[in-house]
Amino acid sequence: MDLQQIEALARLIRQSDLTALEVSEGAMRIRLERERTAANTTPVMPVQPVAAPVEPVQPDPSPAVDFNHITEIKSPMVGVFYAAPAPGAQPYVSIGSKVKAGDVLCLIEAMKLMNEITAEKDGEIVDICAQDGQIVEFGQTVFKIF
């Protein structure tokens, strides 16, 4: 490292917000430091907390779900989960949908075959546990019906 390179490093440290710079080249090592002055420090303004008005929490109008009586619909195979019959189409079901036994809930593509997954009982969809286009595993819960 020659004198011109060291001077260039010194200019770099002066022109930037750096307070220290260390450079190694082979067996040679150089460290440049400078004190932080009031001119190159950023003043920190204290943050005043803002109190937002608190609105009362309204009780959820939907009835409570008894999780002891939920039926989980599990994937019978490994494949790609599709919530709708075609890209851009409305999904077969959504949370809150009422279904009857045998209604199609989704498609799972396995080995280029589209397999319809149907409801095992009448009820309401309370949870969809897979996302459109996501790979699901054998036995993975994809829907919860109450």
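Since this is a predicted model, take the numbers as computed values, not measurements.

## A look at unusual backbone geometry
No. 1: Residue M111 is not a glycine yet carries a positive backbone phi of 55 degrees.
No. 2: Residue classification places M111 among the exposed residues on the basis of a relative accessible area of 81%.
No. 3: A positive phi angle is found at K112, which is not glycine, with a value near 65 degrees.
No. 4: Residue K112 is classed as exposed on the basis of its relative accessible area of 73%.

## Brief notes about the pairing of strand β3 (residues 71-74)
No. 1: Burial along β3 is one-sided: T71 and I73 are buried, while E72 and K74, pointing the other way, are not.
No. 2: Sheet topology places β3 next to strand β10 (residues 141-145); 4 bridges connect them, and they run antiparallel. Across the sheet, the residue bridging to I73 is F143, located in β10.

## Some words on the pairing of strand β1 (residues 20-25)
No. 1: Summarising the sheet, β1 and strand β2 (residues 28-33) pair through 6 bridges and their orientation is antiparallel. Looking at β2, one finds that E22 is bridged to R31.
No. 2: Counting the residues that bridge the hairpin from β1 to β2 gives 2 residues, and of these G26 lies at a positive phi of roughly 65 degrees.

## With respect to the nonpolar core
No. 1: Grouped together as the largest cluster of nonpolar side chains are 16 residues, with contacts concentrated most on F81, L105 and F143.
No. 2: Put simply, the parts of the chain that give this core at least two residues each are β6 (104-110) and β10.
No. 3: In this view, F81 contacts C106, L107, I128, A130, Q131, D132, G133, Q134, V136, V142 and F143; residues no more than four positions away in its chain are not counted.
No. 4: Within the second largest apolar cluster, 5 residues are counted, among which are I13, L21, I30 and L32.

## Notes on the pattern of salt bridges
No. 1: Going through the model one piece at a time under the given rule, you end up with 2 salt bridges.
No. 2: Among the ionic pairs, K74 bridges to E72, the shortest N-O distance being 3.1 Å.
No. 3: K74 gets classed as partly exposed once you look at its relative accessible area, which sits at 41%.

## Thoughts on the sheet that holds strand β8 (residues 123-128)
No. 1: The 4 strands lie next to each other as β3-β10-β8-β5, forming an open sheet whose pairing is antiparallel. Looking at the sheet topology across the chains shown, the edges are occupied by β3 and β5 (98-99).

Definitions and cut-offs
- Residues numbered from 1 in each chain as written.
- Predicted model: local features only at pLDDT ≥ 70, side-chain atom pairs only at ≥ 80, totals over all residues.
- Heavy atoms only, no water.
- Buried < 20%, exposed > 50% of the residue type's maximum accessible area, 1.4 Å probe, protein only.
- Helix = DSSP H or I, 4+ residues; strand = E, 2+ residues; numbered from the N terminus.
- Pairing = 2+ DSSP bridges.
- Core = buried A, V, L, I, M, F, W, Y, C linked by side-chain atoms within 4.5 Å.
- Contact = heavy atoms within 4.5 Å.
- Salt bridge = Lys/Arg side-chain N within 4 Å of Asp/Glu carboxyl O.

That is the geometry; function is a separate question.
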